[in-house]
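Listed below are the residues making up each chain.
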Amino acid sequence: MSTLTDSPKIPAAVEFVEDDAAIEASHNRHFMLFQAAPAWLISMLLHLAILVILGVLSFADPIKIVNVLSATSASDDGPEIEEFSIDPMDLDEAAQSEELTEPLVDLPESMDRVDPTPVTMPVEVASVPVSMMDLAAQMAPTGATLQSLTSMSSQSFDSRSVDMKRKLLREYGGNASSEAAVAKALKWIALHQVADGSWTFQHNRVCRGACDHPGEAKFERTVNAATAFALLPFLGAGQTHLQGDYRQVVQRGLQFLVKNGKQKNLAGMITLDFSEPGGSMYSHGLVSILLCEAYAMTGDPALAAPAQAALNYTFYAQSPSDGGWRYSPRPSVSDTSVTGWLFMALKSGYMGHLNIPPASVKGAISFLDKVQSNGGAMYGYDDRSTSLRPACTAIGLLCRMYSGWDRTHPGIQGGVKNLVKHGVDRKNMYYNYYAAQVLRHYGGPEWDAFNVELRDWLVSTQSDTAGATGSWYFPGSKHGTEGGRLAATSFATMILEVYYRHMPIYASSASEDDFPL
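Residues numbered from 1 in each chain as written. Predicted model: local features only at pLDDT ≥ 70, side-chain atom pairs only at ≥ 80, totals over all residues. Heavy atoms only, no water.

A few words now on the overall build of the protein chain. Counting its regular elements, the protein chain contains 17 helices and 4 strands. Taken across its 517 residues, the protein chain has 53% of its residues classed as buried. Within the protein chain, counting contacts between residues at least 6 apart in sequence, those at least 24 apart form 73% of the total. Total accessible area computed for the protein chain in this model is approximately 23300 Å², and 56% of it derives from carbon and sulfur atoms. (Helix = DSSP H or I, 4+ residues; strand = E, 2+ residues; numbered from the N terminus. Buried < 20%, exposed > 50% of the residue type's maximum accessible area, 1.4 Å probe, protein only. Contact = heavy atoms within 4.5 Å. Areas by Shrake-Rupley, 256 points an atom, 1.4 Å probe, with all protein chains shown as cover.)

Per the stated rule, a full pass over the model turns up 14 salt bridges. Linking Asp273 and Lys262 is a salt bridge whose minimum nitrogen-to-oxygen distance equals 3.6 Å. Taken together, the residues Asp273 in strand β2 (residues 269-273) and Lys262 in strand β1 (residues 262-266) connect sequence positions 11 residues apart. A single burial state applies to Asp273 and to Lys262, both of which are buried. We note a salt bridge from Arg426 to Glu453, for which the minimum N-O separation is 3.9 Å. Of this pair, Arg426 sits in the loop between α14 (410-422) and α15 (429-442) while Glu453 sits in helix α16 (residues 444-461), placing them 27 residues apart in sequence. Residue Arg426 is classed as partly exposed on the basis of its relative accessible area, which comes to 42%. A single network of salt bridges, built from pairs that share partners, joins Lys262, Lys264 and Asp273. (Salt bridge = Lys/Arg side-chain N within 4 Å of Asp/Glu carboxyl O.)

Now for the nonpolar core. Core analysis: the largest hydrophobic core is formed by 118 residues, its most contacted members being Trp199, Phe234, Leu291, Trp341, Phe450 and Leu458. Beyond its immediate chain neighbours, meaning those up to four positions away, Phe450 contacts Gly423, Val424, Tyr431, Asn432, Ala435, Ala436 and Leu439. (Core = buried A, V, L, I, M, F, W, Y, C linked by side-chain atoms within 4.5 Å.)

Encoded structure:
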């Protein structure tokens, strides 16, 4: 990149030989013209001169800009990505490998943690130019795909503001104890951040054994998922990289993730792929939700391109057969579990006014149709199920709510009855996480009873022992051993934030528009 010293040189003045009389006459004519000129003309000329000077200085340090409308590709995969201008991070240094088996981060034998300290100035996260090219052909006009700024703005995440949190806590069953538990959990999570901004499911290596029950060893390098799991509860509580007590914690985490994404040019789109060993497309879904929420909450333009690039990879990775997602990109058969995370990423991106092709949403809905039974009241894993699968059913119902099924739909009503009958599951936090969202959006006595039991159980089981204070671990939980104490704490915290993480879908004063179809 050029510097100010590379600025175009002004040609040397050409010397003219004139006699003294001619020079004096010329000066007199210029002075008379100057006196005759009106004041507004003189002012205009002076301002014009200043603008010209500023323009010369501005163009002294040119920045490469990609023309995303006219860019073409000679092959399906397109050209190598070179047009990145990053500050403070250089995304060109991120890993380029497309192999899911290659580790992204080398974990040291011991890790240094960092204590959370507030920052006084907002810091840029990254800047990634995103090309829509072929994707643009799938887009409907703006009015048909995005809610208007006047009707929506950042309304979908206004629930996380201080005043709205208080209101929603009262209305939907939160209390002082649940909020105190959230505050203690955020502190524990922050204290287990690695110095490079990431988190690991092997959290005991950060605190040097001060708390136990790390995740399984095979997830040691699943750092993208661990970092997203750690950061989502901060966003849920209204903490971002621009405001809140944990600004620096969130900012470092976002920086790490954007830098750790794998850059690719796929189907004419610039993408960021966050899949990784052990986490596969689960990791990508979690990070995509995080980036989209962070952008939607702050409107920080530094996050727009990374969030869109993550969504672009989501579109690319969608199954061409049944419209869902699975562990690897473009599977022949999808599953409800992975599809749930990627569907939520689409919704978060939509709420942030990012580009979501209607074809992608329709594909996901086609997958839900494939795995539903009993009119949409039950959902299987990768096909229809004749018996209740609680977690899959909760995931399917939440996706249906976000895609437009109203409260009176027989599938929603029948599905809610199934969840209420199953109740709180103390051995399955994954189910509890999705079921709490479904029932909270549905409301009524079904939610009231479920909430009181789940809320009070979580508050009573939060650890107050030494280094584990503020965290959770559920022995014998179906998913408890995989992500260990970090994943358990993230799920529990987000459940206790369920009152205000999103505006209630069926509340007339705070509804969210459906996906564009």
